[in-house]
Amino acid sequence: MESPDSPAAAYPPRPTNATPAQYLDYERGLWNHFLLDAAWRRTRFNAQPNALLVEAVRGRATGMALDVNMGEGRNALYLAQHGWQVTGVDIADKALAFAQQRAQQLGVLLTTVEHDVTTYDWGSSQWDLLVLCYADESTHVASVQAALRPGGLVVLENFHRDATHTRGSASGQVIGFATDELKSLYSAAGFEIIRYEEPIGVADFSRETHRLVKLVAQKPKVAASADR
């Protein structure tokens, strides 16, 4: 998930010289806080499903969906309510519990997996939809290519690289993706680019206005035949 670095983000700074396990524990606590903190949710967090995702799946046959770095489930729950079989992966255990509670209240099934996405096995030809909405700073092209079934869709929205300067990052982390980076990489991997934009807009994860990147791409329905 995209780091919530900002003057309003009142949470202890990242530990220095932390072991991998200590860093993971810190990230888990940080995301549990920012996904569930009442003040943050009231003033900064958008609990509605991502608009790009809603548009991308409208009228599309349902199937198996993986929501990467799902958070508290705003997108996964929307998909589940519309007939998708959804698995959400995240390290924030309390956020996952919140999502499961909401799923029970809504009467839908939701599979949640507490796991670091960097080491999670996305599977092979397993999913009809992959959701990467403000997930992290990786393009994930190889993982998406392997994990999607033929004809499967990836929906990705995040910050443009410009946000590194306009948004700032207390941790010094590079934020977002460069101009045409995602479009070029997914095109080179054989995906059909259904939609690609880099608008100035409101990031629906944190209600901040920045330059964004929006990608909807489809894996070919039939693998291209080899030249003879």
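The rules we used
- Residues numbered from 1 in each chain as written.
- Predicted model: local features only at pLDDT ≥ 70, side-chain atom pairs only at ≥ 80, totals over all residues.
- Heavy atoms only, no water.
- Helix = DSSP H or I, 4+ residues; strand = E, 2+ residues; numbered from the N terminus.
- Buried < 20%, exposed > 50% of the residue type's maximum accessible area, 1.4 Å probe, protein only.
- Contact = heavy atoms within 4.5 Å.
- Areas by Shrake-Rupley, 256 points an atom, 1.4 Å probe, with all protein chains shown as cover.
- Axes fitted to C-alpha atoms, helices over the stretch in contact; angles between N-to-C directions.
- Parallel < 35°, antiparallel > 145°, perpendicular 65-115°, else oblique.
- Nonpolar A, V, L, I, M, F, W, Y, C, P; charged D, E, K, R; others polar.
- Expected span 1.5 Å × (residues − 1).
- Core = buried A, V, L, I, M, F, W, Y, C linked by side-chain atoms within 4.5 Å.
- Arc of directions from axis to C-beta.

Caption draft 1: Just the overall build of the protein chain, in detail. Helix and strand counts for the protein chain stand at 8 helices and 8 strands. By the burial criterion, 48% of the 228 residues in the protein chain qualify as buried. Excluding contacts between residues fewer than 6 apart, the proportion of contacts in the protein chain whose partners are at least 24 apart in sequence is 63%. As displayed, the protein chain offers around 10,800 Å² of accessible surface, 51% of which is attributable to carbon and sulfur atoms.

Caption draft 2: Structural view of the packing of helix H1 (residues 20-36) against helix H5 (residues 93-106). Taken N-terminus to C-terminus, the directions of H1 and H5 make an angle of 40°; their axes are 7 Å apart at the nearest point. Comparing their axes, H5 and H1 come out oblique. Residues Arg28, Asn32, Leu35 and Leu36 of H1 lie in contact with H5, whose contacting residues are Asp93, Lys94, Ala95 and Phe98. Tallied by class, the residues present in the contact of H1 with H5 amount to 4 nonpolar, 1 polar and 3 charged.

Caption draft 3: H1, seen in detail. The terminal C-alpha atoms of H1, which comprises 17 residues, lie 24 Å apart, in line with the 24 Å expected from a rise of 1.5 Å per residue. Where the residues of H1 are buried, they touch helix H2 (38-43), H5 and strand E3 (111-114).

Caption draft 4: Representation of the nonpolar core. Among the nonpolar cores identified, the biggest contains 41 residues, and Leu79, Val86, Leu110, Leu129 and Val155 are the most heavily contacted of them. Mapped onto this core, the elements with two or more residues apiece are H1, helix H3 (51-57), helix H4 (74-81), H5, strand E4 (127-133), strand E5 (148-159) and strand E8 (208-218). Look past the residues within four positions of Leu79 in its chain and what remains in contact with it is Leu53, Val57, Ala65, Trp84, Val86, Leu129 and Val131. If you look at the next biggest cluster of nonpolar residues, it comprises 24 residues, including Ala147, Val154, Phe191 and Tyr196.

Caption draft 5: Looking closely at the environment of Trp84. Summarising the element assignment, Trp84 is placed in the loop between H4 and strand E2 (85-90). Exposure remark for Trp84: the relative accessible area of 5% places this residue in the buried category.

Caption draft 6: The arrangement of H5 in detail. Here H5 is 14 residues long and its end C-alpha atoms lie 20 Å apart, about the 20 Å a rise of 1.5 Å per residue gives. All of the buried residues in H5 are Ala95, Leu96, Ala99 and Ala103. The arc enclosing the buried residues of H5, seen along the axis, measures out at 100°, which places them on a common side. Residues Lys94, Gln104 and Gln105 are exposed on H5 and point more than 90 degrees away from its buried face. Residues of H5 that are buried make contact with H1, H4, E2 and E3. Positive backbone phi, approximately 75°, marks Gly107, located one or two places after H5.

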